[in-house]
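Architecture and fold: a report
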Amino acid sequence: MTDRTVLAGPDGAPRCPWALSAEDYVTYHDEEWGRPVRGDDALYERLSLEAFQSGLSWITILRRRPGFRDAFADFRIEKVAAFTDEDRERLLVDPGIIRNRAKIDATLANARVLADWSPGELDTLIWSYAPDPAARPAPKTLSDVPAVTPESTALSKDLKKRGLRFIGPTTAYALMQACGLVDDHLEGCVSRTTPSGTRGARTQDRA
């Protein structure tokens, strides 16, 4: 990371500099990243995609997300938990996803673990690790954004203890950022939550 602050996008609105590094990032930054994600299936999808992203750039995963959704039955936990050995072999040769054996096996194994949980249990568990936003000042530059926090370390440890795989502290923090448990949009970013709980004017106008 560098010490860059917000930069003006093509429309003149200030954004986190990473959002301007690829065209695909702008919509993701404006409409998804840092917004609250709730629901077991939705969180299972994000958890799985963050695991697949490990060692790769997020843009690689973002561009293949439609392929991932097709391959993994829209990340419906019950459906993925019922995948067979034939499904696993299909995934290992699917060009629409990242064909990493360990990550595929973890995604399937995690679904089988989560299928035994009560409805809403994954949602409740993950969101129980959301830190108090009042205790987190807005980062001014990219170097102010951490890669790991005590909360992400604790979340990772809890999920692993419950049988989930491929969810280290760094992956757990990326999940927290993407799903809105923390707001790491830089100070002045159009998508940063204001003290009143709203987003910047441009994002609000589109919603």
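Residues numbered from 1 in each chain as written. Predicted model: local features only at pLDDT ≥ 70, side-chain atom pairs only at ≥ 80, totals over all residues. Heavy atoms only, no water.

The name given to the chain in an unreviewed UniProt entry is DNA-3-methyladenine glycosylase I, with the source organism recorded as Streptomyces shenzhenensis.

Topic: the UniProt feature "binding site: Zn(2+)" (unreviewed entry) in the chain
To keep it simple, the criterion reads: UniProt positions are given in the numbering used here, feature names are shortened, and annotations may be inferred rather than shown by experiment. Strands here mean DSSP runs of E at least two residues long; helices mean DSSP runs of H or I at least four residues long; both are numbered from the N terminus. For each residue, the accessible area found with a 1.4 Å probe, counting protein chains only, is set against the maximum for its type, and the residue is called buried under 20%, exposed over 50%, and partly exposed in between. When checking whether two residues touch, look at their non-hydrogen atoms; a contact exists if any pair is within 4.5 Å.
Within this structure's numbering, the places UniProt gives as "binding site: Zn(2+)" (unreviewed entry) are Cys16, His29, His185 and Cys189. The largest pairwise C-alpha distance within this set of annotated residues, which runs over 174 residues, is 10.2 Å, so the set is compact in three dimensions. Turning to its location among the elements, Cys16 is positioned in the loop between strand S2 (14-15) and helix H1 (23-31). Its relative accessible area of 0% is what places Cys16 among the buried residues. Setting aside its immediate chain neighbours within four residues, Cys16 contacts Val6, His29, His185, Leu186 and Cys189. Exposure remark for His185: the relative accessible area of 0% places this residue in the buried category.

Comments concerning the pattern of salt bridges
Under the convention used in this document: For this document, the term salt bridge refers to a Lys or Arg side-chain nitrogen within 4 Å of an Asp or Glu carboxyl oxygen.
Applying the stated rule across the entire model yields 15 salt bridges. Taking the shortest distance from any N to any O, the salt bridge between Arg15 and Asp11 comes out at 2.9 Å. A relative accessible area of 39% means that Asp11 is categorised as partly exposed. For Asp184, the salt bridge goes to Arg136, with nearest N and O atoms at 2.7 Å. Placement of the pair is Asp184 in the loop between helix H9 (169-178) and helix H10 (201-206) and Arg136 in the loop between helix H7 (121-127) and helix H8 (150-161), with a sequence separation of 48 residues.

Considerations on the environment of Val26
Assignment of secondary structure puts Val26 in helix H1. The spatial distance from the C-alpha of Val26 to the C-alpha of Cys16 is 9.6 Å, given a sequence separation of 10 residues.

Some thoughts on helix H3 (residues 58-71)
The condition that has to hold: Expected span, for any helix, means 1.5 Å times one less than how many residues it has. Fitting axes to the seven residues that end at a residue and to the seven that start at it, the angle between those axes gives the bend at that residue.
Over its 14 residues, H3 extends 18 Å from the first C-alpha to the last, a length consistent with the 20 Å expected when each residue adds 1.5 Å. When the local axis directions of H3 are compared, the greatest deviation, roughly 55 degrees, occurs at Arg65, which is followed within four positions by the proline Pro66. Among all positions in H3, only Trp58, Ile59, Ile61, Leu62, Arg65, Gly67, Phe68 and Ala71 are buried. Lining the buried residues of H3 we find H1, helix H2 (40-53) and helix H5 (85-92). Immediately beyond the C-terminal end of H3, within one or two residues, lies Ala73, with a positive phi of roughly 50 degrees.

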